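Here are the chains, one letter per residue:
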Amino acid sequence: MDKQKNALSDSIPCLFYILLSFLVFLPLIFSQKWIQTHEGIRYLCLFDMFKEAFLSGILYPRWFPDYCGGYGYPVFVYYQPGFFYALLAVSAFIPDIFTATVFTLIIFLFLGSYGIYRLTALFCDKVIAFFCGVVFLQTPY
């Protein structure tokens, strides 16, 4: 009985973080427009080239020959490839790049918030840990 109660007490924050992670991206989902930043839709274009290079047999694409007007560009000098690999896995099920990117970001946001909850629950009360996970969801980076 105690294990069921513990599993239930951990599943409630998990479900809440899934819901809140989705709610954070609702404006982006309904507008169907990518985030307007100084880089614009660059990440969507980078992923499109990453996917093309990966599917052509390059397991760790570091150079995109079609970028910068066809002169090429070394991509992962500063950018992390982990997000692109996760997005590649999601894009196997969701073919639209925009939707797959939003879904991948929701997954990362959920994993981050639930991870913060689990980590702080080791040191603090579960209410404080829950609050820390919610604060993580509200931070832009």
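Conventions we followed
- Residues numbered from 1 in each chain as written.
- Predicted model: local features only at pLDDT ≥ 70, side-chain atom pairs only at ≥ 80, totals over all residues.
- Heavy atoms only, no water.
- Helix = DSSP H or I, 4+ residues; strand = E, 2+ residues; numbered from the N terminus.
- Polar contact = N/O pair within 3.5 Å; in protein donor to acceptor, adjacent residues only side chain to side chain.
- Axes fitted to C-alpha atoms, helices over the stretch in contact; angles between N-to-C directions.
- Parallel < 35°, antiparallel > 145°, perpendicular 65-115°, else oblique.
- Left-handed = near helix turned anticlockwise from the far one by under 90°.
- Contact = heavy atoms within 4.5 Å.
- Nonpolar A, V, L, I, M, F, W, Y, C, P; charged D, E, K, R; others polar.
- pLDDT = per-residue confidence, 0-100.
- Buried < 20%, exposed > 50% of the residue type's maximum accessible area, 1.4 Å probe, protein only.

Draft legend 1. The side chain of S21, seen in detail. Among the structural elements, S21 can be located in helix 1 (residues 2-24). Polar contacts involving the side chain of S21 include one to the main-chain carbonyl oxygen of Y17, which spans 2.6 Å. Polar contacts involving the side chain of S21 include one to the main-chain amide nitrogen of F110, which spans 3.3 Å.

Draft legend 2. Representation of the packing of helix 5 (residues 97-121) against helix 6 (residues 126-138) in the model. For the pair helix 5 and helix 6, the least separation of the axes is 8 Å and the interaxial angle reads 150°. By the criterion of interaxial angle, the relationship of helix 5 to helix 6 is roughly antiparallel. Judged by the twist between their axes, the crossing of helix 5 over helix 6 is right-handed. Every residue of helix 6 that contacts helix 5 at L109, G112, S113, I116, Y117, T120 and A121 is listed here: K126, A129, F130, C132, G133, F136 and L137. Class assignment of the residues belonging to the contact of helix 5 with helix 6 gives a composition of nine nonpolar, four polar and one charged.

Draft legend 3. Just the confidence of the model for the protein, in detail. Across the protein, the average pLDDT comes to 83, with 89% of residues at 70 or higher. Helix 4 (residues 82-91) holds the highest mean pLDDT among the elements of the protein, 92, whereas helix 1 holds the lowest, 75.

Draft legend 4. Quick peek at the environment of A100. You can see A100 is positioned in helix 5. Look at A100 and you get buried, because its relative accessible area is 0%. Taking the C-alpha atoms as reference, A100 lies 6.6 Å from L87; in sequence the two are 13 residues apart. Sequence-distant contacts of A100, that is, excluding residues within four places in its chain, are made with L87, V90, S91 and I94.

Draft legend 5. Quick peek at the side chain of T120. Here T120 is to be found in helix 5. A residue is classified by how much of its surface remains accessible, and T120, at 17% relative accessible area, is buried. Of the polar contacts made by the side chain of T120, one reaches the backbone oxygen of I116; its length is 2.8 Å. Beyond its immediate sequence surroundings of up to four residues, T120 is in contact with A129 and C132.

Draft legend 6. Representation of the environment of V135 in the model. Relative to the assigned elements, V135 resides in helix 6. Along the backbone, V135 and S113 are 22 residues apart, and their C-alpha atoms lie at a distance of 8.4 Å.

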